[in-house]
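Close look at the chain arrangement
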Amino acid sequence: MASKKNTIKLQFNSSRNLAPAPESKSVAKIADKYDLFINGKFEKPSSKKYFNTINPANEEKLSSIAEGNGADVNKAVVAARNAYEKIWKKTSAKERSKYIYRIARMIQERARELAVIETLDGGKSIRESRDFDVPTAANHFFYYAGWADKLEYAFPNRKPQSLGVAGQIIPWNFPLLMAAWKIAPALATGNTVVLKPAETTPLTALKLAEIIQEADLPPGVVNIITGAGATGAALVNHPDINKIAFTGSTDVGKIIQKAIAGTNKKATLELGGKAANIIFDDAPLDQAVEGVINGIFFNQGHVCCAGSRLFVQESVYKIVLQKLKDRMESLIVGDPLDKNTDIGAINSKQQLDVIQKYLKIGQQEGADMFQSSCNIPKKGFYCRPTIFTNVAQSNRIAQEEIFGPVLAIQTFRTEDEAIEKANNTPFGLSAGVWTDKGSKIFNMTSKLRAGVIWANTYNKFDPTSPFGGYKESGFGREGGLHGLEGYLKV
Ligand code: NAI
Ligand code: MG
């Protein structure tokens, strides 16, 4: 007879009758306690305080993490300034590039460990951290290593110069990847860094600190300080910071914008989104449905460019809805370390509360809710994939960022109607268009107000492509050649 544990596991996988295939935790070396990474060493926080980071899949504690205060932030900024003036500014571009390549290769070497830790600390499925987060993080370092000694070619006749010290604040949805997005271009352009990871997912950034130490990067070039919002605010408000790079909520983005107004600090803000996927009746429908599923349920919907709204042309609405529901029923929600899992754990209790609040709001607003019928684990933070139909443009579930596996579906008749409805949001980060016709794609992409528009695909990322938004989704671009510019005077 199967043990109790196995029975539960098998139940999670019952929709596809797959036996559990858990990734081993043995590669993940997690210390009981982590200090702040300042000037090339791990240092105790002057607050003497530590907070817990937990595994959202089972609510168990993983480690104690130092809480950096203003004095610690100051120490880190002083270290970054000294490293900038005395070492990094004088290091040749070719040397800088060697260090960045080394970091990239070390991420590849430790890919398995990093993927397991990412999944344990943040709740995302191992398939995703293994196949997307970690390799893409390494690729960002490889890509920007290549640019380091070619900046004059990137900006011909413009004498690009580094800014100095960059303060970087990142969220919990792609912890290692966001650290790579921030650190790689900053180092390639000759800046030094103080990075603050999110409080629920600090572990892979701290592992990256170990890698940076092993790579022999000169002390102080990269400093990593942990803590929550107050630590981030101390970094934003430090007078000796030249650049703030932030990814996170629109609310905090607005606070940061106010805080740095009137200073010389340069800023890049990547904020929220409410992306629309638009399916025309001539689209390859199975492919479109798969893209929509990937767009909203990928990473539990914890994606700023998640396709959280769907617009379907009326003539194919019924069939698309049926295909969508059928596919949702086959999704596996559960243990993020299981290689069969499609949808892992919600990142925190706080985020699960936000999502559940919106599920109630959607129903109160009169929309119809459908959730897949899968079992979800009793312990840990989970949400079934959810869609709402009968949604009105003015409904909060169609206007506000939910940041969970929740899709609001509406219909349209004409191209113009689809454009008007899709653009009716305070955000402008991304969109997806599904049609067989090239001319329709060009018409839509020129009229949709979004920074990134995918055609007949969704959520495709590459270090060479710039990413960023309009309106309340923020400003500045990360990735590609554009991503260098945010860290340079040109
Ligand atoms: P948040 O914006 O509070 O957190 C992001 C980062 O900013 C974390 O490292 C946090 O410690 C830091 N932070 C918080 N307050 C700060 C302040 N006053 N000054 C400087 N740094 C500060 O996001 P939160 O509360 O975790 O999530 C709330 C909502 O934000 C989510 O429901 C989602 O809608 C959105 N979000 C968007 C993300 C994106 O990728 N655009 C990522 C994470 C959340
Ligand atoms: Mg955690």
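All values derive from a computational prediction rather than experimental measurement.

Assigned secondary structure in the protein consists of 17 helices and 22 strands. Computed over its C-alpha atoms, the radius of gyration of the protein comes to 22 Å, within 12% of the 23 Å expected for a compact globule of 490 residues. Referenced to the eigenvectors of the C-alpha coordinate spread, the extents of the protein come out at roughly 65 × 60 × 35 Å. Across the 490 residues that make up the protein, the buried fraction comes to 59%. A distance of 4 Å separates the average location of the 62 positive side-chain charges in the protein from that of its 50 negative side-chain charges.

Attention now goes to the site of ligand 1. Near ligand 1 there are 24 residues, and of these Trp172, Glu199, Ser249, Leu271 and Glu401 occur at the shortest range. Among the secondary structure elements, those contributing two or more residues to the shell around ligand 1 are helix 9 (229–237) and strand 10 (243–247). The element best represented in the shell around ligand 1 is helix 9, accounting for three residues. Across the shell around ligand 1, the residue classes break down as 13 nonpolar, seven polar and four charged. Here the shell around ligand 1 spans two domains, since at least three of its residues come from each of domain 1 (25–271 + 473–489) and domain 2 (276–462).

Okay, the confidence of the model for the protein next. Looking at the protein as a whole, its pLDDT mean stands at 95, while 97% of the residues score no less than 70. Here residues 1–14 is modelled with pLDDT under 50, and outside its nearest four sequence neighbours on either side it reaches 21 contacts, counting other chains as well.

Our next topic: the sheet that holds strand 19 (residues 452–455). If you trace the seven strands from one edge of the open sheet to the other, you get 14-15-16-13-12-18-19, paired in mixed fashion. Either end of the sheet is taken by a strand with one partner, and the two such strands are strand 14 (368–371) and strand 19. Averaged over all adjacent pairs, the angle separating strand axes in this sheet is 20°, with direction ignored. Two strands pair when backbone bridges link them, and strand 18 (residues 430–434) and strand 19 are joined in this way by four bridges, in the parallel orientation. From the neighbouring strand, Ala431 faces strand 19, where its bridge partner is Ile453. The strands that helix 11 (residues 285–297) touches are strand 12 (276–279), strand 13 (309–313), strand 15 (386–389), strand 16 (406–412) and strand 18; relative to strand 12, the one it contacts most, it runs at about 170°.

This part covers the environment of Thr386. If you trace the backbone, Thr386 turns up in strand 15. Separated by 27 residues in the primary sequence, Thr386 and Leu359 place their C-alpha atoms 8.6 Å from one another. When neighbours within four sequence positions are excluded, Thr386 is seen to be in contact with Phe297, Met328, Leu359, Met369, Phe370, Gln371, Pro405, Val406 and Leu407. There is a polar contact of 2.8 Å between the side chain of Thr386 and the backbone oxygen of Arg384.

The three strands are arranged 1-5-4 in an open sheet whose pairing can be described as mixed. At either end of the open sheet lies a strand with only one pairing partner, and these are strand 1 (33–34) and strand 4 (50–55). Bridging between strand 1 and strand 5 (residues 60–66) involves two bridges; their strand directions are parallel. Its bridge partner lying in strand 5, Tyr34 is registered against Ile65. Its contacts with the sheet put helix 4 (residues 111–122) on strand 4 and strand 5, and the angle it makes with strand 4 is roughly 100°.

We now examine the side chain of Gln410. The topology assignment puts Gln410 in strand 16. Among the polar contacts listed, one links the side chain of Gln410 to the side chain of Gln393, at a separation of 2.8 Å. Contact partners of Gln410, with chain neighbours within four places excluded, come to Leu310, Phe311, Val312, Val391, Ala392, Gln393 and Ala398.

Let us look at the domain arrangement of the protein. When the parts of a complex come together, some accessible area is lost, and that lost area is often used as the size of the interface. Along its sequence, the protein is organised into domain 1 (25–271 + 473–489) and domain 2 (276–462). Computed from C-alpha coordinates alone, the two centres of domain 1 and domain 2 are separated by 30 Å. Taken together, the contact pairs 29 residues of domain 1 with 29 residues of domain 2. The contact between domain 1 and domain 2 buries some 2500 Å² in all, and 58% of this surface belongs to carbon and sulfur atoms. Three residues stand out in domain 1 for area buried against domain 2, namely Arg127, Trp172 and Ser473, and they jointly supply 22% of the buried area on that side. Taken together, the links from domain 1 to domain 2 amount to one salt bridge. Notably, a salt bridge pairs Asp342 with Arg127, separated by 2.8 Å at the nearest N-O pair. Across the contact surface, domain 1 and domain 2 share 15 residue pairs in polar contact (both at pLDDT 80 or more). Within the residue set of the side of domain 1 that touches domain 2, elements represented by two or more residues are helix 4 and helix 5 (126–147). At five residues, the largest contribution of residues to the side of domain 1 that touches domain 2 is made by helix 5.

Taken together, Thr53 (OG1), Ile54 (O), Asp121 (O), Asp121 (OD) and Thr200 (O) make up the protein donors of the magnesium ion (ligand 2), found 2.2 to 2.5 Å from the metal. Donor residues for the magnesium ion (ligand 2), ordered by position in the chain, follow T-I-x66-D-x78-T. Linking Asp121 in helix 4 with Thr200 in the loop between strand 8 (192–196) and helix 8 (203–214), this pair joins segments that are 79 residues apart in sequence. The class for Asp121 is buried, based on a relative accessible area of 1%. A relative accessible area of 25% means that Thr200 is categorised as partly exposed.

Let us now look at the side chain of Ser348. Mapping Ser348 onto the fold places it in the loop between helix 12 (317–329) and helix 13 (349–364). Given the relative accessible area of 11%, Ser348 is considered buried. Within the local environment of Ser348, its side chain forms a polar contact with the backbone nitrogen of Gln351, the two atoms lying 3.0 Å apart.

As a further point, take the pattern of salt bridges. On inspection of all chains with the given rule, the structure shows 28 salt bridges. Glu290 is the partner of Arg327 in a salt bridge, and the nearest nitrogen-oxygen pair spans 2.8 Å. Of the two residues, Arg327 is situated in helix 12 and Glu290 in helix 11; the sequence distance between them amounts to 37 residues. Judged by its relative accessible area of 21%, Arg327 falls in the partly exposed class. In this structure Glu290 comes out as partly exposed when scored by relative accessible area, which is 36%. Through salt bridges with shared partners, a single ionic network connects Arg110, Glu113, Lys207, Glu210 and Glu214.

Conventions adopted
Residues numbered from 1 in each chain as written. Chains lettered and ligands numbered in written order. Predicted model: local features only at pLDDT ≥ 70, side-chain atom pairs only at ≥ 80, totals over all residues. Heavy atoms only, no water. Helix = DSSP H or I, 4+ residues; strand = E, 2+ residues; numbered from the N terminus. Rg over C-alpha atoms; globule rule 2.2 N^0.38 Å. Buried < 20%, exposed > 50% of the residue type's maximum accessible area, 1.4 Å probe, protein only. Lys, Arg positive; Asp, Glu negative; His and termini not counted. Charge placed at Lys NZ, Arg CZ, Asp CG, Glu CD. Near = heavy atom within 4 Å. Nonpolar A, V, L, I, M, F, W, Y, C, P; charged D, E, K, R; others polar. Domains from an automatic or database assignment. pLDDT = per-residue confidence, 0-100. Contact = heavy atoms within 4.5 Å. Pairing = 2+ DSSP bridges. Axes fitted to C-alpha atoms, helices over the stretch in contact; angles between N-to-C directions. Polar contact = N/O pair within 3.5 Å; in protein donor to acceptor, adjacent residues only side chain to side chain. Buried area = accessible area lost by both parts, 1.4 Å probe. Salt bridge = Lys/Arg side-chain N within 4 Å of Asp/Glu carboxyl O. Donors = N, O, S within 2.8 Å, 3.2 Å for Na, K, Ca; no water.

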